[in-house]
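# Close look at the chain arrangement
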Amino acid sequence: MIAAGAKSLLGLSIASPKGLSDRNSLSSNSRSVGVVRSCVSMDGSQTLSHNTNGSFPELKSINGKKQGPLSTVGNSTNIKWHECPVEKVDRQRLLDQKGCVIWVTGLSGSGKSTLACALNQMLYKKGKLCYILDGDNVRHGLNRDLSFKAEDRAENIRRVGEVAKLFADAGIICIASLISPYRTDRDACRNLLPEGDFVEVFMDVSLEVCEARDPKGLYKLARAGKIKGFTGIDDPYEPPLNCEISLGREGSGTSPIEMAEVIVGYLENKGYLQA
Ligand SMILES: Nc1ncnc2c1ncn2[C@@H]1O[C@H](COP(=O)(O)OS(=O)(=O)O)[C@@H](OP(=O)(O)O)[C@H]1O
Ligand SMILES: Nc1ncnc2c1ncn2[C@@H]1O[C@H](COP(=O)(O)OP(=O)(O)O)[C@@H](O)[C@H]1O
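Worth saying up front: this structure is predicted, and the values here are computed from it rather than measured.

Here the focus is the overall build of the protein chain. Across its full length, the protein chain holds nine helices and 10 strands. Looking at the protein chain residue by residue over its 275 residues, the buried ones come to 41%. Here the protein chain displays about 15,400 Å² of accessible surface, and carbon together with sulfur accounts for 54% of that area.

This is how it looks when you write it as structure tokens:
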């Protein structure tokens, strides 16, 4: 497991040595055979070496018994954070973009998924790597155990916020599109990320418009009392107070493509579309 991870790590460094940040830069000598690259982990406890002849890298502990401090986080006791010399900045250079989270919030039917898809396509055409975390989709797997009661919605958002943070750390532009009705839950996700890396996008589309669209017939069922606790009908939605981008009202573009262009423009201005 460790060896396989190390192999792919070193494969990356060979393919694009420039991609690694200076503090981690690995010496390169294509003519020599044997160990030509090695990197030491942040706490100095491990060193990775590999051979250019294709043999598996070795993982050696050079500090034997030395251990960093152990932590307790939530219910996880005696855990330790492991660093790797290949960091976010290196992955970003590889991708020529900066990892971030575009968090799209709004009522059911406000156009979150449509926007997420249009944005993904637009960025893909520009050669930028995105990944969509859509509420409906994530509830098919990771969050299938969660209902729509308030504490489960909060857990839904917390988990997606943590996953989005991992994607951003991978250097990817992560588009999270969820109703995410509670301000406090969205703010908690914002606080997981460095300043600027969380871009909250509000789909400012009225309940009347969403209900008129009703593509899945859910509003109709909610009005008929067949779905209980439906957002906007008999469950709350708290609009953002200070979001980065608000879409849907007159003047901010109405088609999904125009909306996606607003976000791409924002990302360009803030430097997220280059490393
Ligand atoms: N009670 C209730 N309230 C709101 N939405 C409901 C409900 N029950 C099912 N659905 C469907 O679930 C989709 C929303 O899932 P999310 O994970 O985005 O919701 S939340 O953020 O946890 O509030 C939502 O998808 P979208 O229409 O794309 O928003 C609905 O298809
Ligand atoms: N900008 C838009 N203008 C008009 N209709 C839209 C727009 N965006 C989405 N729609 C339509 O509204 C409906 C709901 O869109 P969807 O993306 O599924 O919303 P959500 O993910 O918020 O539930 C769909 O029928 C979609 O085609």
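As a further point, take the UniProt feature "domain: APS kinase" (unreviewed entry) in the protein chain. Mapped onto this structure's residue numbering, the UniProt feature "domain: APS kinase" (unreviewed entry) falls at residues 98-247. In residues 98-247, the share of helix is 39% and the share of strand is 17%. The end C-alpha atoms are 23 Å apart.

Residues in contact with ligand 2 amount to 14 residues; listed here are only the nearest, G109, K112, S113, T114 and T254. One of the backbone N or O atoms of G109 is found 2.8 Å from an oxygen atom in ligand 2. Between ligand 2 and K112 there is a distance of 2.8 Å, counted from an oxygen atom to a side-chain nitrogen or oxygen. Contact with the protein chains hides 70% of the accessible area of ligand 2, taken as 560 Å² for the molecule alone. Counting only elements with at least two residues in the shell around ligand 2, the list comes to α3 (112-125) and α9 (256-269).

To continue, consider unusual backbone geometry. Note: most peptide bonds trans; most residues except glycine with negative phi. Phi is positive for S180, which is not a glycine, with a value near 40 degrees. Exposure remark for S180: the relative accessible area of 2% places this residue in the buried category. With a phi angle near 30 degrees, D214 is a residue other than glycine that sits in the positive phi range. Structurally, D214 can be placed in the loop between α7 (207-213) and α8 (218-223).

Taken together, five strands build an open sheet; the order of strands is β7-β8-β6-β9-β10 and the sheet is parallel. Edge positions in the sheet fall to β7 (130-134) and β10 (245-247), since each of these pairs with one other strand and no more. The average undirected angle you get between the axes of adjacent strands in this sheet is 20 degrees. Where strand β9 (residues 198-203) lies against β10, three bridges are found, and the strand directions are parallel. When the bridges of β10 are listed, F202 appears paired with S246. Contacts from helix α6 (residues 183-190) reach β6 (100-105) and β9, with the element oriented near 150 degrees to β9.

We now examine the environment of G106. Tracing the sequence through the fold places G106 in the loop between β6 and α3. For G106, a relative accessible area of 0% puts it in the buried group. Measuring from C-alpha to C-alpha, the distance between G106 and P215 comes to 15 Å, with 109 residues separating the pair along the chain.

Attention now moves to the site of ligand 1. As a structural note, the neighbourhood of ligand 1 is formed by 20 residues, with S108, R139, R153, N156 and S180 the closest of them. S108 is positioned with one of its side-chain polar atoms (N or O) 2.5 Å from an oxygen atom of ligand 1. The contact in question runs from a nitrogen atom of ligand 1 to an N or O atom on the backbone of G229, over 2.9 Å. Expressed as a share of its isolated accessible area of 620 Å², the protein-covered part of ligand 1 is 92%.

Of note, T184 is situated in helix α6. Separated by 54 residues in sequence, T184 and E238 have C-alpha atoms that sit 9.4 Å apart.

The complete set of buried residues in α6 reads D185, R186 and C189. Buried residues of α6, viewed axially, fall in a sector of 95 degrees; they line one side. Where the residues of α6 are buried, they touch β6, α5 (150-169) and β9.

The next point concerns the pairing of β6. Of all six residues that make up β6, six are buried, and the element is covered over most of its length. Of the strand pairs in this sheet, β6 and strand β8 (residues 173-177) are connected by five bridges, and their pairing is parallel. Across the sheet, residue W103 finds its bridge partner in β8, namely A176. In the sheet, β6 pairs with β9 via five bridges, with the strands oriented parallel. Across the sheet, the residue bridging to T105 is F202, located in β9.

I102, L115, V201, I263 and L267 are the most contacted members of the largest nonpolar core, which totals 25 residues. Looking at this core, the elements that each hand over two or more residues are β6, α3, β8, β9, β10 and α9. Residues within four places of L267 in sequence aside, it is in contact with C100, I102, L123, I173, Y272 and L273. Core analysis: the next-biggest nonpolar cluster, separate from the first, contains 14 residues, I157, C174, A176 and L193 among them.

Definitions and cut-offs
Every chain begins its residue count from 1, and numbering advances along the sequence as written. Chain A is the first chain written and ligand 1 is the first ligand written, with later ones labelled in order. Given that this is a predicted model, residues contribute local features only at a pLDDT of at least 70 and side-chain atom pairs are listed and counted only at 80 or more, while totals for whole chains, interfaces and linings are drawn from all residues. The side-chain figures draw on all heavy atoms in the structure; neither hydrogens nor water molecules are used. Each helix is a run of H or I in the DSSP string that is no shorter than four residues. Each strand is a run of E no shorter than two, and both are numbered from the N terminus. Categorising residues by exposure relies on relative accessible area from a 1.4 Å probe, with only protein chains included: less than 20% of the type maximum marks a residue as buried, more than 50% marks it as exposed, and the intermediate range marks it as partly exposed. Per-residue and other accessible areas follow the Shrake-Rupley method at a 1.4 Å probe size, with only the shown protein chains counted as cover for residues. UniProt positions are given in the numbering used here, feature names are shortened, and annotations may be inferred rather than shown by experiment. We call a residue near a molecule or strand whenever a single non-hydrogen atom of that residue lies within 4 Å of it. Pairing of N or O atoms within 3.5 Å defines a polar contact, subject to two protein rules: one partner must be a possible hydrogen donor and the other a possible acceptor, and residues neighboring in sequence count only if both atoms are side-chain atoms. Two strands form a pair only when DSSP identifies at least two bridges running between them. Fitted lines through C-alpha atoms serve as axes, helices being fitted only where they are in contact, and the angles separating the N-to-C directions of these axes extend from 0 to 180 degrees. We call two residues in contact whenever any of their non-hydrogen atoms come within 4.5 Å of each other. Taking the helix axis as origin, the arc is that swept by the directions to the C-beta atoms. We call a set of buried Ala, Val, Leu, Ile, Met, Phe, Trp, Tyr and Cys residues a nonpolar core when their side-chain atoms join them within 4.5 Å.

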